[in-house]
Amino acid sequence: MPLHVELVTQERKVFDEPAADMVIIPASEGEMGVLPHHAPVLTTLGFGELIVKKGNAEERFAIYGGVVDVRPDAVIVLADLAESSFSIDTQAAEEARERAAQMLVAGVPPDQNREAQLALRRAELALRIQRKMQTRSNVLRIINVEETKE
């Protein structure tokens, strides 16, 4: 029995795979591997990399918080923000990291400090995932049901 994996943000359904073999989730307490027939779990997500595996193919996503509902036959990820590793814009992430770092060094009002720190964390995560993808040249992608609808 394969896993049905859905990745959803407030704006849209990012990914939908009805027959995944394994999911690695960036839970707030650490990474969690999920195989079919997993015990039900509801947990929060931290900033990290979500990996969906199907045979020799895989999809990776930068996840920026949210919750995940794990069931024996399904994984439903409700992410605050999510971005496919294949669509990360390295230049934009570098620029965002520089802007956030400059804001923190220059000193920002307390109400903007948290936003600057979050922007820095998001940019650094995106860059880390992008670098990891560049070192793995022969990654097979899962054909995304949502991409074929567009």
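**Q** Describe the environment of Leu78, and please don't skip the residues or the numbers.
**A** Summarising the element assignment, Leu78 is placed in strand 7 (residues 74–79). In this structure, the C-alpha to C-alpha distance between Leu78 and Leu45, residues 33 residues apart in sequence, is 8.9 Å. The residues contacting Leu78, other than those within four sequence positions of it, are Val8, Leu45, Gly65, Gly66 and Val67.

**Q** Any chance you could break down the packing of aromatic side chains for me, citing the residues and the numbers?
**A** Scanning the model with the defined rule gives 2 aromatic pairs in all. Plain terms: the ring middles of Phe47 and Tyr64 are 5.6 Å apart, the flat faces sit at 75 degrees to each other, and that makes the pair edge-to-face. You can see Phe47 sitting in strand 5 (residues 41–54) and its partner Tyr64 sitting in strand 6 (residues 57–71), a full 17 residues away along the chain.

**Q** Break down unusual backbone geometry for me, with residues and values.
**A** Backbone geometry places His37, a non-glycine residue, at a positive phi of 70 degrees. The residue His37 is located in the loop between strand 4 (30–34) and strand 5 in this model. Classification of His37 by relative accessible area gives exposed; the value is 57%.

**Q** So what about the nonpolar core? Which residues, and what values?
**A** One finds Leu7, Ile25 and Val75 to be the most contacted residues of the largest nonpolar core, which totals 23 residues. Going through the elements one at a time, strand 1 (3–8), strand 2 (13–20), strand 3 (22–27), strand 4, strand 5, strand 6 and strand 7 are the ones with two or more residues in this core. For this core, the element with the highest residue contribution is strand 6, accounting for 5 residues. Non-local contacts of Leu7, meaning those with residues more than four positions away in its chain, are made with Lys13, Val14, Phe15, Leu50, Phe61, Ile63, Val77, Ala79 and Ala82. Core analysis: the next-biggest nonpolar cluster, separate from the first, contains 7 residues, Ala62, Tyr64, Leu125 and Leu127 among them.

**Q** I'd love a proper account of the confidence of the model for the protein, names of residues and values included.
**A** Per-chain confidence: the protein averages 83 in pLDDT, with 86% of residues scoring 70 or above. Averaged over each element, pLDDT in the protein is lowest for helix 3 (residues 145–149) (51) and highest for strand 7 (97).

**Q** Can you break down the environment of Ala119 residue by residue, with the values?
**A** Residue position: Ala119 is located in helix 2 (residues 110–135). Once the C-alpha coordinates of Ala119 and Arg97 are considered, the two residues, 22 residues apart in sequence, prove to be 7.1 Å apart.

**Q** Tell me what's going on with the side chain of Asp16, and back it up with residues and numbers.
**A** Relative to the helices and strands, Asp16 resides in strand 2. Only 2.5 Å separates the side chain of Asp16 from the side chain of His4, close enough to count as a polar contact.

**Q** Summarise the side chain of Glu49; cite the residues concerned and give the values.
**A** Here Glu49 lies in strand 5. Glu49 gets classed as buried once you look at its relative accessible area, which sits at 6%. A distance of 2.8 Å separates a polar atom in the side chain of Glu49 from a polar atom in the side chain of Arg60. Each residue touching Glu49, except ones within four places of it in the same chain, is listed here: Ile24, Pro26, Arg60, Phe61, Ile129 and Lys132.

Rules of the game
Residues numbered from 1 in each chain as written. Predicted model: local features only at pLDDT ≥ 70, side-chain atom pairs only at ≥ 80, totals over all residues. Heavy atoms only, no water. Helix = DSSP H or I, 4+ residues; strand = E, 2+ residues; numbered from the N terminus. Contact = heavy atoms within 4.5 Å. Phe/Tyr/Trp six-rings, centres within 6.5 Å; stacked < 30°, edge-to-face > 60°. Buried < 20%, exposed > 50% of the residue type's maximum accessible area, 1.4 Å probe, protein only. Core = buried A, V, L, I, M, F, W, Y, C linked by side-chain atoms within 4.5 Å. pLDDT = per-residue confidence, 0-100. Polar contact = N/O pair within 3.5 Å; in protein donor to acceptor, adjacent residues only side chain to side chain.

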